[in-house]
Amino acid sequence: MSWTTGAAKLIPGPWRRAALRMGGLRFGSLSGRIALLYAGLFAIVLGLVVSLAAGGLLRFAEANAARDLAANARVFDEILAARANQMGDQAEVLARDFGFREAVATGDSPTIGSALTSLEARARSDMAFVLTLEGEVLAADKAGIPAPESLWTRLDAGAARGIIASDRGLALAAAAPIETPDLVGWLVIAQSLDRDELDRLVELAPISLEARVIEAGRQPPWLRNAKANAVFEREEAERFLYHISDLAVLQDGIAPRLVLRHALAQSLAAYASLKWGLVALALSGLALVLWLSWKVARSVTEPLQQLDEATRLIGEGREVNLTVETDDEIGRLAQSFNQMVLAIEERERRIVHIGLHDGLTGLPNRKLFTEQLVNTLVRRRSGEQVMVAYVDLDDFKMVNDTLGHPAGDALLRMVADHLREDLPDALIARLGGDEFAILIGGIDDRASLGNIADSLQRSFDRPISINGQHAACGASIGIAMAPTDGEDGTTLMKNADLALYRAKHEGKSTYHFFEPALDEAARQRRQLEIDLRAAIKEGGFALNFQPLYSLAEKRLTGFEALIRWNHPVRGRVSPVEFIPLAEETGLIIPIGEWVLREACHQANSWPTNVSVAVNVSPKQFAATGIAATVLSALSASGLPPHRLELEITESIFIADVDATLATLHSLRNMGVKIALDDFGTGYSSLSYLRSFPFDKVKIDKSFVEDLGTSGNGHAVIRAITTLAAALGMETLAEGVEDIAQFEVLEREGCQNIQGYLFSRPVPADAVAGLLRDGAGYQRQLSA
């Protein structure tokens, strides 16, 4: 059958007949939903538009009313000012009149009363009087005139316009000075601001207003708290806009405000017709869209019914193809459907491959390796062995850090290619990072497993060059054999991992076969980690302190803080045993922070000329915030920075030299001293001495031990002390145990000594005794 548009036909024929039978029902349902969907969406959008428009009209009307009220308030203020100025001008005319001034000067009450009465009539005011410098009031009628003392201060300050309060209420007043020629008083004229007067002024405004002047004592709380010269809305029986103005006064003790009120309903009524017009327009548009949606839906639903049927058949696993007859949207949809069917098959194949292989090397991943291991174990015959080897590349992190991650990726691909070439019959997988797994089945019981392991090791000894640079590619390998080390895949992989762990700790580029003792060692290691975490949480550590003796000052100048762990079951646990585990698990960071804080706390109770040295591990130094941790420890303990010395090893420079130097300089800027520990045991000690001005260089105890067994020991010590002195650095020799070593070090210019010759590490409460006995060391050494 053809689609309604003639766009495509469906093959095979039996499916076409099925589509004919079900077309009517599906057509009506889908077209109705499309029409309702479009109409509903349009109604929502149109409703939002109408709501926004109506809201905009409302806000515009409110804003317009507020602007009108603010403008009218300014006009009202100008009218009051003009009226005050008018009265003031008339008062000034009379105040300058010679006869009036003479009458005031001579106290001619009849003349003054007549002039004031005439002024009231001309100015249409309610009150006129003279206030003399002596506080006397001269008027034709003194009724309602405010107390002279309430007016005198402001008039004397030069005020000429403002509000006064009398028995008749608030009044707008103007004043003019009377001078003969010296000031003898003021002429004050006032007009009542009662409701009738304000209503006459309101009639001049272009919008309907209510105006009142209200004194502070009669103002309700909301009015007293209202901001002046601003329009605000207040809901009462209806919505009103208010504008408040603070009025100038000529009298102390009053604070009148001009209150203008405008009813919003009158302003909003003009916009109601526009809102209803918008609603009518929206309803008309909604009806039109509903009709158009129905028409569009009918042109689309019939072809979609056939496409729906084709999809159902594909889900059943049947082959379906649409015949394209036109090049319109429906025809292109049919063509895309055919392409989709082909793409789905190809994509399924790719998904299966991606899900079972490593994207970088193309090797099988852990999931496929595990599945193939299970199958290999099932197929294993009597007299055959299966080898599972876990491989971890040595120093792969250094390749990433020095040559970059692209170089590291290239190295992994080259290693994968070498393994494919050297072990064509083995299953090689990449487990992640720099870890690989190798599965070799069908190994005869009499075969030499050592030879097979050697061949695996040789695969990683081939030279590799990346971008013209040589990259070291040794590997540590852990091997487990079936059936001796396990008969299931999970056990074999776990045991191979344990063997790998032992191989890595025995040295680089080596392999190790699984032994049952490794499982017990792993269990003990896990238990030690659990106990270590408990000790961190419960405060199970303590600090011992070993003295540092200065040959130059002939006294103990400091102590090195050394951590001790008294296990509740095992007793004293050596740092050699738990520190490497703490480094590996990252627990060294909280342990190091505790050591730093506790060492600073203890050192703060020592004499001010005694310092404390604290070892900082490379992982602790690389963690973010080491400077903040040091600053926090110093602040909490109150220890001055110059009494703290941080001992670091050159391994901190391996990851990022620039970042390491920046951190060292920030610590130095605090005032903290920096010492280079284990000097001479690394590859680049001299270059690091040039990179950073260390305060002290600690000579490794291996050089001190050579003083008694090697003729070159003296020369090595002399070279180190000479170099350090040339660079402005102190030297300290570790591990000094006898007087002969002491004498050689003193003779060769070493400045500080540490070792059992003076004292073993002692608890914190024994430090005070060592400091008291410090003079005894000098006598002992001198003897």
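Residues numbered from 1 in each chain as written. Predicted model: local features only at pLDDT ≥ 70, side-chain atom pairs only at ≥ 80, totals over all residues. Heavy atoms only, no water.

Peer 1: Teacher, can you tell me more about the overall build of the protein chain here?
Peer 2: What the protein chain contains, in helices and strands, is 26 helices and 28 strands. For the protein chain, contacts bridging at least 24 residues in sequence account for 65% of all contacts bridging at least 6. Approximately 39,700 Å² of the protein chain is accessible, and the part contributed by carbon and sulfur atoms is 55%. (Helix = DSSP H or I, 4+ residues; strand = E, 2+ residues; numbered from the N terminus. Contact = heavy atoms within 4.5 Å. Areas by Shrake-Rupley, 256 points an atom, 1.4 Å probe, with all protein chains shown as cover.)

Peer 1: Even after reading the chapter, I still don't get unusual backbone geometry, so can you show me in this structure?
Peer 2: Only a minority of non-glycine residues have a phi that is not negative, and only a minority of peptide bonds are not trans. A cis amide bond, omega -10°, links Thr 180 with the succeeding residue Pro 181. Within the secondary structure layout, Pro 181 lies in the loop between strand S5 (169-179) and strand S6 (183-192). Here the residue pair Ala 482 and Pro 483 is connected by a cis peptide bond, since its omega of 15° sits within 30 degrees of zero. With respect to the element layout, Pro 483 can be found in the loop between strand S17 (475-482) and helix H14 (489-506).

Peer 1: It is not clear to me how helix H9 (residues 329-356) should be interpreted in this structure. Could you clarify?
Peer 2: The periodicity of an α-helix, 3.6 residues per turn, causes residues three or four positions apart to be oriented the same way. With 28 residues, H9 extends 39 Å from end C-alpha to end C-alpha; this agrees with the ideal 40 Å at 1.5 Å per step. Listed in full, the buried residues belonging to H9 are Ile 330, Gly 331, Ala 334, Phe 337, Asn 338, Val 341 and Leu 356. (Expected span 1.5 Å × (residues − 1). Buried < 20%, exposed > 50% of the residue type's maximum accessible area, 1.4 Å probe, protein only.)

Peer 1: How do you make sense of the pairing of strand S8 (residues 231-235) when you look at a structure like this?
Peer 2: When S8 meets strand S9 (residues 239-246), the two strands line up antiparallel, connected through 5 bridges. Each bridged residue has a counterpart across the sheet, and for Arg 234 the counterpart in S9 is Phe 240. Counted between consecutive antiparallel strands, the loop separating S8 from S9 contains 3 residues. (Pairing = 2+ DSSP bridges.)

Peer 1: When you look at the pairing of strand S22 (residues 611-615) in this model, what are you seeing that I'm missing?
Peer 2: The pairing of strand S20 (residues 555-567) with S22 spans 4 bridges and is classified as parallel. In the sheet register, Phe 559 faces S22, and the bridge partner there is Val 612. By the bridge criterion, 4 bridges tie S22 to strand S23 (residues 644-648) in an arrangement that is parallel. Bridging across to S23, Asn 615 finds its partner in Glu 647.

Peer 1: When you look at the nonpolar core in this model, what are you seeing that I'm missing?
Peer 2: In globular proteins that are soluble, nonpolar side chains generally tend to be buried together. The biggest cluster of nonpolar side chains holds 73 residues, and the ones touching the most others in it are Val 612, Val 630, Leu 644, Leu 646, Ile 674, Phe 694 and Ile 753. Counting residues per element, this core draws most heavily on helix H17 (residues 588-603), at 7 residues. Sequence-distant contacts of Val 630, defined by excluding residues within four places in its chain, comprise Leu 596, Leu 644, Leu 646, Leu 667, Met 670 and Val 672. Counting 60 residues, the second largest nonpolar core, distinct from the first, contains Leu 69, Val 130, Leu 155 and Leu 198. (Core = buried A, V, L, I, M, F, W, Y, C linked by side-chain atoms within 4.5 Å.)

Peer 1: Hey, could you run me through the packing of helix H2 (residues 98-106) against helix H3 (residues 109-123) in this one?
Peer 2: When two helices pack together, you describe them by how their axes are tilted relative to each other and by the distance separating the axes. Remark: H2 packs on H3, axes separated minimally by 8 Å, with the N-to-C direction vectors making an angle of 135°. One element, H2, and the other, H3, form an angle in the oblique class. Between H2 and H3 lies a crossing of left-handed hand. The residues of H3 that touch H2, namely those facing Phe 100, Ala 103 and Val 104, are Thr 111, Ile 112, Ala 115 and Leu 116. Considered class by class, the residues forming the contact of H2 with H3 number 6 nonpolar, 1 polar and no charged. (Axes fitted to C-alpha atoms, helices over the stretch in contact; angles between N-to-C directions. Parallel < 35°, antiparallel > 145°, perpendicular 65-115°, else oblique. Left-handed = near helix turned anticlockwise from the far one by under 90°. Nonpolar A, V, L, I, M, F, W, Y, C, P; charged D, E, K, R; others polar.)

Peer 1: In this structure, what is going on with the packing of aromatic side chains? I would like to understand it.
Peer 2: For any pair of aromatic rings, the description consists of the separation of the ring centres together with the inter-plane angle of the planes. Applying the stated criterion to the full structure yields 14 aromatic pairs. Between the aromatic rings of Phe 232 and Tyr 242, the centroid separation amounts to 5.7 Å while the plane-to-plane angle is 15°, which identifies the pairing as stacked. Within this pair, whereas Phe 232 is found in strand S8, its partner Tyr 242 is found in strand S9, the two being separated by 10 residues in sequence. What makes Phe 232 partly exposed here is its relative accessible area of 23%. Residues Phe 742 and Phe 758 carry aromatic rings whose centres are separated by 6.3 Å and whose planes lie at 75° to one another, so their mutual orientation is edge-to-face. You can see Phe 742 sitting in helix H24 (residues 739-747) and its partner Phe 758 sitting in the loop between strand S27 (752-753) and strand S28 (762-763), a full 16 residues away along the chain. The pair Phe 742 / Phe 758 is uniform in exposure class, with both members buried. Each residue in the set Phe 541, Trp 565, Phe 578 and Trp 594 is aromatic and connected to the rest through ring pairs, giving one cluster. (Phe/Tyr/Trp six-rings, centres within 6.5 Å; stacked < 30°, edge-to-face > 60°.)

Peer 1: Explain the sheet that holds S5 here, please?
Peer 2: In sheet architecture, strand pairing relies on hydrogen bonds along the backbone and comes in two forms, parallel and antiparallel. Strand order in the open sheet formed by 5 strands is S3-S2-S6-S5-S4, with antiparallel pairing between adjacent strands. Of all the strands in the sheet, the pair left with one neighbour each is strand S3 (137-138) and strand S4 (161-166). Relative to S5, S4 runs antiparallel, the two sharing 6 bridges. The partner of Gly 162 across the bridge, within S5, is Ala 173. Contacts from helix H4 (residues 148-156) reach strand S2 (127-132), S3, S4, S5 and S6 within the one sheet, and its direction differs from that of S2 by about 75°.

Peer 1: How should the sheet that holds strand S7 (residues 210-214) be read in this particular structure?
Peer 2: One open sheet holds the 4 strands; their spatial order is S7-S10-S9-S8, and the pairing between them is antiparallel. Edge positions in the sheet fall to S7 and S8, since each of these pairs with one other strand and no more. For this sheet, the mean angle separating the axes of adjacent strands, direction not counted, is 30°. Where S7 lies against strand S10 (residues 257-263), 5 bridges are found, and the strand directions are antiparallel. Within S10, the residue paired with Arg 212 across the bridge is Val 259.

Peer 1: So what exactly am I meant to see when it comes to the pattern of salt bridges here?
Peer 2: For the structure on display, the rule yields 21 salt bridges. With its nearest N and O atoms 2.7 Å apart, the salt bridge here joins Lys 367 to Glu 371. Of the two residues, Lys 367 and Glu 371 both sit in helix H10 (residues 366-379), 4 residues apart, roughly one turn of that helix. Under the relative-accessibility criterion, Lys 367 is labelled partly exposed at 48%. The closest approach of N and O atoms between Asp 695 and Arg 668, which form a salt bridge, is 3.3 Å. Linking Asp 695 in the loop between helix H21 (685-691) and strand S25 (696-699) with Arg 668 in helix H20 (residues 657-670), this pair joins segments that are 27 residues apart in sequence. Of the residues examined, Asp 695 reaches a relative accessible area of 25% and is grouped as partly exposed. When salt bridges that share partners are traced, they join Glu 560, Glu 647, Lys 698 and Glu 734 into one network. (Salt bridge = Lys/Arg side-chain N within 4 Å of Asp/Glu carboxyl O.)

Peer 1: Would you mind going over helix H16 (residues 575-585) with me for this structure?
Peer 2: Taken together, the buried positions of H16 are Phe 578, Leu 581 and Ala 582. Down the axis of H16, the buried set is contained in an arc of 105°. They therefore lie on one face. Backbone nitrogen of Val 576 and a side-chain oxygen of the N-cap are separated by 3.1 Å at the start of H16; the cap is Ser 574. Looking one or two places after H16, you find Gly 586, whose phi comes out positive at around 85°. (Arc of directions from axis to C-beta. Polar contact = N/O pair within 3.5 Å; in protein donor to acceptor, adjacent residues only side chain to side chain.)

Peer 1: Just to check I follow, could you spell out the side chain of Gln 602 for this structure?
Peer 2: With respect to the element layout, Gln 602 can be found in helix H17. For Gln 602, a relative accessible area of 19% corresponds to the buried category. Setting aside residues up to four positions removed in sequence, Gln 602 forms contacts with Phe 545 and Ala 764.

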